[in-house]
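Summary of structural features
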Amino acid sequence: MIQQLNLKYCVVGVMMMNGVVYAVLMVQLLAWTSSAVEVPSVKCIESERQALLSLKRVFNATDADWLSSWGDGEQQKECCNWEGIKCSNQTGHVIMLDIHHHVDPPELDELKVGYISPSLGELHHLKYLDLSGLFTLTPSIPPFIASLTFLTHLNLSHCFFDGNIPPQLGNLLFLEYLDLGGNHFSQQIPSQFSNLSHLLYLDLSSNNLVGGFPLQLTNMSSLTYLDLSLNNFNGTLPPQLGNLLSLEHLDLSDNAFTGTMPPQLGNLLSLEHLDLSDNAFTGTILSQFKNLSRLQYLDLHPSYYIWDKTMSLSSDLQWLSELSTMRYLSLARVNLSGASNWQQVSSLSHLQYLDLNGCNLVDSVSTASLAFPANFSTSLSFVDISYNSLRDASFIFPWLMNSSSSLVTLRMNDNGLTGTIPETFGDKLSSLEELNLANNELKGQIPLSLFHSCNLAYLDLSKNNLTGEFNEYIREYSRCAHKPLQVLDLGWNAITGVVPDISHLSSLQELRLDNNRLNGTIHEGLSNLGSLDLSHNALVFNVSEEWVPPFSLSVLYLAYCKLGPNFPAWLHTQTMIEHLDISYTGISSTVPNWFWEPLPQMWNLNISHNSFRGKIEGSILPAIVSNQLLSIDLSFNLFEGPIPAFLSNASQLLLSNNRFLTANPLLCANSSKYTRFMDLSNNNLRGELSDCWKGFESLVVLDLSNNQLYGNMPKSLGSLRNIQSIHFEGNNFSGEIPSSLHNCTQLQVFDVAGNKLSGTIPTWIGDNISKLLVLSLHSNNFHGNIPLSMCNLHELHVLDLSKNILSGNIPKCISNLSAMATPANSNATITDDYHYNFTIGIYNDSTSLIWKGKMSKYGSTLGLLRSIDFSSNKLTGKIPSEMMSLIGLVSLNLSRNLFSGEIPSTIGQLKSIDFLDLSRNHLSGTIPSQLAQIDRLSVLDLSYNDLSGEIPLGTQLQTRDASDYAGNPKLCGAPLNNTCPIHGHQISEHDADGDDDEQFVSEGFYIAMAVGFVMAFWGVCFSLILKKSWRYAYFKLLSDVCDKLYVFTAIKVAKLKRIRSQT
């Protein structure tokens, strides 16, 4: 791996030497050197000589050469000539003491350990004091340091001081240089620091200082260097910070400053170095930054946590073009989505380091300009534009290829780049040492030119759609005389070919070729690797049993490669292994005892989905250790016997689908406080479950399903305060659910189905366990009513109480199950997760339900399911209409109960219902026509009730099997053979779609018709009787009509007779 941060510190170092550090130190050293020229007439003052010897004696230095010139020998009388000492050429007083110790990185056996002797206070004329890097056992800065009132330079950095900064340091009125960095000071900066008006350089970095920005520093008008980084300062930056007009270097990084940046920062026109990174600033980056024309180093990237991806700081970069002297620019994780012209960084001709990762950069209209040559300096060596949304590779690649041939590091991973990598990419950027294009959507062949670059040490092209022959790339790279390649990651592509001999790649440390299309045989031609991933390829290992690999791996992933049937003996040589995955490798043997020896140092062990057999036992077993993140997966094998206790410290323990007989050694090992996921399901565990759960304080998921455990559930389960998922289904537990479980307030999944549990359903489930998503109690012996408190489970997705002895009514408050009253969202999986030491663990939960007549297990789609199953109980009363408000329900099973009354007419509101079973109850009345409106209904069973009338028209109901309506003798209509009465066949399609009057021609219709006829007849008769003129007119009309009919008939008859006589 390339140490890219070296570039950062080189840039910083150059700029610092160009700034205040160089000026201050050179002026002071020249002054003291000229004043300390050796003059024979001036001798060392004896009292000061003795004070220096006393100072040396209290330090225990293992290095015999340290301060070897200090002593009482005849040649050591003149202390002014001692190492680190300068004296005044006029008075002979010691004015400079520099015995700093610098080891990077520090080695404990080289530290100079001791106390600071009070004799140091006798050097009253000291102007320069540097004790930095000495491991002082003095708990805090001795107060006598403050008595050295002539000090202009004081460096006590990295001396391991604790406590507070003594306020007496404010009495050193002549101080120009003060460095207290790298200690353990706490509390606030003393207010007396406001007295240090001559201070040019102040470094308080890497301590534990607290409070707001120290206002006493804003009066130091001469200050040119200020470093408060790596402390615990908080609050907003004061506008008075703009008073420090002489500042050239300002570093406030790694604190907890909040709020917006004060615009007064734009007044600091002398600034060359500004670092405000790793804070929590909000708002927009100041436009006043354009005034900082001398700025060479700018780092504004905010604090970042993996679980918090909010971006509170943003910018449009309008100010950037004015900063022409910029060499180092880091705006990582600053929201630049509004910076459509972000590519103007090309105008910064002195830029060496550019970090814009995670900035929401997007392709823009002006992106076409990227295809033209950029104006970068030839010194540009680092570019990171990863984790953005740059899609079009046809613009980005030419822009970079034309920018700088000296590019050393290029990171463009996680952008979603589409297109191909240019053929000449490697030739154009021949200086590349690190190239990361991982996790994009690049396609086509990997250009051979990438392997012409003989400087390349890190190449990551994983997680794309790239193709090519792996053996060709190795052949091209083999032509390089110098082969510095350390990391090669081509995983998750479509690369083909074989894995050739790579033993000549002596620098290669990490090789990852997983999830490709490689085939062939792996022989013994591998290099001195530290990490190897060949998993998910069609590779076969063909090595001798005596093979001793040339590597000592810490990471080995060979899943889906062919290793078996015998256990690979060469793994015995891998004593430094930390991550091992040999799942799905066709091994069918016992596991040798030595295999478990590296377990205490491991992080991940996966040997699942093989045919390992036998017991895990033997005299050589690893000692129990506390690896807080160890994951062990032995599932889907043939292991037998007891589960050994040494597995108890794994954070994730997956032992399902084996033949283990007992878990008691594991559960009662008293070393389980780090276990978070434990899956022992589908084994042959027998007997009572041990009451040893108090030690499992971190347990999140517990799965003991489908074993042969019996007896009462242990009361100590209530001590699992962090538990989110409990699976005990498919055992023989009896008794009641222990009341101690009411303490498990984080519980989301509780599945104890298929046991012999009894008693009533506890009311505390609804009162205390409010986060429940899945509650499955089916196939037990619970009795009594469904408790009203169950209505408090507002987040419940699945409620299964079937196959018990429950009685009473369904509570009307069931409509309070609000998660079932909304359609399922896109989160199809219920996950149990945790955050621990910056690590996220995720377990995808599952449960088994009776679906469409058979038991089915739901895992990846469990979050989409909304189900209620009360079947096979003794529930009575009406089906509450309130239940019809649960419009998100996918499955509703109320069959095999004693429900009566009608099916609620509002059942058509259940638009998402796929499975509806109301069979074998005492339901009466007609089938609501709204059922015909539910187009998702794939299973409907209304059989064996007392329903009547015609089955409503609609394809959802008429196309079903007749058995879905069987046992209802009063039902008629398709698909039944029982034809409805003729008068009942008046239902229009419109009525079937939405009218509840399912038989328009009914008995009431005929009664109304008769009444109407009688009323109309007597209405006419009474009118003729009462009104004489109407009566005369009526009979006259009848007479006229009769006359006309008679005449018309007589004429027609006469004509007919004539016609007949003529024929």
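About the thresholds
Residues numbered from 1 in each chain as written. Predicted model: local features only at pLDDT ≥ 70, side-chain atom pairs only at ≥ 80, totals over all residues. Heavy atoms only, no water. Helix = DSSP H or I, 4+ residues; strand = E, 2+ residues; numbered from the N terminus. Buried < 20%, exposed > 50% of the residue type's maximum accessible area, 1.4 Å probe, protein only. Contact = heavy atoms within 4.5 Å. Phe/Tyr/Trp six-rings, centres within 6.5 Å; stacked < 30°, edge-to-face > 60°. Lys NZ or Arg CZ within 6 Å of the ring centre and 35° of its normal. Patch = residues over 30% accessible without salt bridge, like charges linked within 9 Å, V, L, I, M, F, W, Y side chains within 5 Å. Areas by Shrake-Rupley, 256 points an atom, 1.4 Å probe, with all protein chains shown as cover. Salt bridge = Lys/Arg side-chain N within 4 Å of Asp/Glu carboxyl O. Disulfide = S-S within 2.5 Å. Pairing = 2+ DSSP bridges. Axes fitted to C-alpha atoms, helices over the stretch in contact; angles between N-to-C directions. pLDDT = per-residue confidence, 0-100.

Some thoughts on the overall build of the protein
- When helices and strands are counted, the protein shows 12 helices and 66 strands.
- Counting only residues that meet the buried cut, the protein has 52% of its 1063 residues in that class.
- Looking at the protein alone, contacts between residues at least 24 apart form 58% of all its contacts between residues at least 6 apart.

Observations regarding the packing of aromatic side chains
- Evaluation of the coordinates by the stated rule reveals 28 aromatic pairs.
- Summarising the aromatic geometry, the rings of F257 and F281 are spaced 6.5 Å apart at their centres and angled 10° between planes, so their arrangement reads as stacked. Note that F257 is positioned in strand β14 (residues 256-259) and F281 in strand β16 (residues 280-281), a separation of 24 residues in sequence.
- Taking relative accessible area as the criterion, F257 reaches 0% and is therefore assigned buried.
- Relative to Y353, the ring of Y328 lies with its centre 4.1 Å away and its plane at 10°, an arrangement referred to as stacked. A residue pair is termed long-range when its members are at least 10 positions apart, and Y328 in strand β20 (residues 328-330) and Y353 in strand β21 (residues 353-355) qualify at 25 residues. Pair check on accessibility: Y328 and Y353 agree, each one buried.
- Directly above the aromatic system of Y944 lies the positively charged group of R920, at a separation of 4.4 Å from the ring centroid.

Some details on a nonpolar patch on the surface
- Nonpolar side chains collect at one region of the surface, where F1013, V1014, F1017, W1018, F1022, I1025 and L1026 lie side by side and expose about 820 Å² of accessible area between them.
- Of note, F1022 is situated in helix α11 (residues 1003-1026).
- When its relative accessible area of 49% is taken as the criterion, F1022 is described as partly exposed.

Quick notes on the pattern of salt bridges
- On inspection of all chains with the given rule, the structure shows 8 salt bridges.
- A salt bridge links E46 to R49; its shortest N-O distance comes to 3.4 Å. One end of the pair, E46, and the other, R49, are both in helix α3 (residues 46-57), 3 residues apart, so they sit about a helical turn from each other.
- Of the charged contacts in the structure, one is a salt bridge between R512 and D489, with a shortest N-O distance of 2.9 Å. Of the two residues, R512 sits in strand β30 (residues 510-512) while D489 sits in strand β29 (residues 487-489), which places them 23 residues apart along the sequence. Of the two residues, R512 and D489, neither departs from the other in class, the shared state being buried.
- Put simply, E46, R49 and D72 are held in one network by salt bridges that share partners.

Side note on the state of the cysteines
- Tallied over the full model, the rule gives 6 disulfides.
- Here C668 is linked by a disulfide to C692, with a sulfur-sulfur distance of 2.0 Å. Residues C668 and C692 are joined by a disulfide whose S-S torsion is about 75°; by sign, that bridge is right-handed. Of the two residues, C668 is situated in the loop between α7 (664-667) and β42 (677-679) and C692 in the loop between β43 (686-688) and β44 (701-703); the sequence distance between them amounts to 24 residues.
- Here C791 connects covalently by a disulfide to C813, the sulfurs 2.0 Å from one another. On the sign convention where negative is left-handed, the bridge of C791 and C813, at about 65° about the S-S bond, is right-handed. Separated by 22 residues along the polypeptide, C791 in the loop between β51 (781-784) and β52 (798-800) and C813 in the loop between β53 (805-808) and β54 (831-836) bring together distant segments of the chain.

Brief notes about the sheet that holds β16
- Pairing is parallel in the open sheet, where 4 strands are placed in the order β10-β12-β14-β16. The sheet terminates laterally at β10 (210-211) and β16, the two strands that pair on one side only.
- Pairing of strand β12 (residues 232-235) with β14, which is carried by 2 bridges, proceeds in the parallel orientation. Across the sheet, residue G235 finds its bridge partner in β14, namely F257.

Here we look at the sheet that holds strand β41 (residues 659-662)
- Pairing in this open sheet of 3 strands is parallel, and the strands run β37-β39-β41 from one edge to the other. Since the sheet does not close on itself, it has two edges, and those belong to β37 (613-615) and β41, each with one partner. This sheet shows a mean twist of 10° between the axes of neighbouring strands, independent of strand direction.
- Pairing of β37 with strand β39 (residues 638-642) involves 3 bridges; the strand directions are parallel. Looking across to β39, one finds that K615 is bridged to E640.

Notes on the confidence of the model for the protein
- In the predicted model, the protein carries a mean pLDDT of 85, and the fraction of residues at 70 or more is 85%.
- Predicted confidence is poor over residues 1-18, with pLDDT under 50, and the contacts of this stretch with residues over four places away or in other chains come to 32 contacts.
- Predicted confidence is poor over residues 834-840, with pLDDT under 50, and the contacts of this stretch with residues over four places away or in other chains come to 18 contacts.

Regarding unusual backbone geometry
- For the bond from G564 to P565, the omega torsion is 10°, close enough to zero to count as cis.
- Relative to the assigned elements, P565 resides in the loop between β34 (555-557) and β35 (579-581).
- Of note, the bond from A974 into P975 is cis; its omega dihedral lies within 30 degrees of zero at 10°.
- For Q187, which is not glycine, the phi torsion reads 65° and is therefore positive.
- Assignment of secondary structure puts Q187 in the loop between β8 (177-179) and β9 (201-203).
- Here Q187 falls in the partly exposed class, since its relative accessible area comes to 46%.

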